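If you want the building blocks of each chain, they are given just below.
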Amino acid sequence: MGFILSKKAKRTIESAVVDKNVFIASISAWEIALLASKKRLLLSMEVADWIKKSEMLPFVNFIPVDNSIAVKSVNLSPPFHSDPADRIIIATAISLGASLITKDERILEYPHVKTIW
């Protein structure tokens, strides 16, 4: 299973790498671990090692769930579904004033966060 980034998403990521501004919600580490455990995501190494190597990249910044993000994820403007990980990812992007790169249709349709695909 795999996917190809859109040209716009790829350009945005490449620019963010140069600027050392790739932000990743820490809840995404949980999602990666979950997908790998269910064999829906295949990595070339153990999940913990993959995440550790990702953390060491100079352009990657993992953003932990702080109290503000946690509360914001509960109080997102409707309409949005109840998936907690998606809500935390959106709340993180909104808190940072950042655009969210995603292929997820439910997130792309949510009008209260800037998205790129």
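Residues numbered from 1 in each chain as written. Predicted model: local features only at pLDDT ≥ 70, side-chain atom pairs only at ≥ 80, totals over all residues. Heavy atoms only, no water.

**Notes on the packing of helix 2 (residues 27–37) against helix 5 (residues 84–96)**
At step 1: Packing of helix 2 against helix 5 leaves a shortest axis separation of 9 Å and a crossing angle of 145°. By crossing handedness, the relation of helix 2 to helix 5 is classed as left-handed. Residues Ile27, Ser28, Trp30 and Glu31 of helix 2 form the contact with helix 5, whose participating residues are Ala85, Asp86, Ile88 and Ile89.
At step 2: A class-by-class count of the residues in the contact of helix 2 with helix 5 yields five nonpolar, one polar and two charged. (Axes fitted to C-alpha atoms, helices over the stretch in contact; angles between N-to-C directions. Helix = DSSP H or I, 4+ residues; strand = E, 2+ residues; numbered from the N terminus. Left-handed = near helix turned anticlockwise from the far one by under 90°. Contact = heavy atoms within 4.5 Å. Nonpolar A, V, L, I, M, F, W, Y, C, P; charged D, E, K, R; others polar.)

**Side note on the packing of helix 2 against helix 3 (residues 47–56)**
Relative placement of two packed helices is described by the angle separating their axes and the distance separating the axes.
At step 1: At a closest axis distance of 10 Å, the pairing of helix 2 and helix 3 adopts a crossing angle of 150°. When the axis of helix 2 is compared with that of helix 3, the two are roughly antiparallel. Every pair of crossing elements has a handedness; the one defined by helix 2 and helix 3 is right-handed. On helix 3, the residues that touch Ala29, Ile32, Ala33 and Ala36 of helix 2 are Val47, Trp50 and Ile51. (Parallel < 35°, antiparallel > 145°, perpendicular 65-115°, else oblique.)

**Looking at unusual backbone geometry**
At step 1: Put simply, Pro78 and Pro79 share a cis peptide bond, and its omega is 0°.
At step 2: As for its placement among the helices and strands, Pro79 is situated in the loop between helix 4 (67–74) and helix 5.

**Remarks on the pattern of salt bridges**
At step 1: In total, this model carries one salt bridge according to the counting rule given.
At step 2: Between Asp86 and Arg106 there is a salt bridge whose closest N-O contact spans 3.6 Å. Of this pair, Asp86 sits in helix 5 while Arg106 sits in helix 6 (residues 105–108), placing them 20 residues apart in sequence.
At step 3: Overall, the relative accessible area of 6% leaves Asp86 in the buried class. (Salt bridge = Lys/Arg side-chain N within 4 Å of Asp/Glu carboxyl O. Buried < 20%, exposed > 50% of the residue type's maximum accessible area, 1.4 Å probe, protein only.)

**A few points about the nonpolar core**
At step 1: Membership of the largest hydrophobic core comes to 16 residues, with the highest contact counts inside it found for Ile27, Phe80, Ile90, Leu100, Ile107, Tyr110 and Val113.
At step 2: Counting residues per element, this core draws most heavily on helix 5, which supplies six residues.
At step 3: Contact partners of Ile27, with chain neighbours within four places excluded, come to Ala85, Ile88 and Ile89.
At step 4: Judged by nonpolar contacts, the second largest core, of five residues, contains Ala29, Ala36, Val47 and Ile51. (Core = buried A, V, L, I, M, F, W, Y, C linked by side-chain atoms within 4.5 Å.)

**Structural notes on helix 1 (residues 7–18)**
At step 1: Taking 1.5 Å per residue as the helical rise, helix 1 with its twelve residues ought to reach 16 Å, and the 17 Å between its terminal C-alpha atoms agrees with that figure.
At step 2: Lys20 lies just past helix 1 and shows a positive phi near 60°. (Expected span 1.5 Å × (residues − 1).)

**Structural notes on the environment of Ile90**
At step 1: The residue Ile90 is located in helix 5 in this model.
At step 2: For Ile90, the contacting residues outside a window of four places in its chain are Leu76, Phe80, Leu100, Ile107, Tyr110 and Val113.

**Things to note about the side chain of Thr102**
At step 1: Note that Thr102 resides in the loop between strand 3 (100–101) and helix 6.
At step 2: Classification of Thr102 by relative accessible area gives buried; the value is 11%.
At step 3: At 2.9 Å, the side chain of Thr102 forms a polar contact with the backbone nitrogen of Asp104.
At step 4: In contact with Thr102, not counting residues within four places along its chain, are Ile107, Leu108, Thr115, Ile116 and Trp117. (Polar contact = N/O pair within 3.5 Å; in protein donor to acceptor, adjacent residues only side chain to side chain.)

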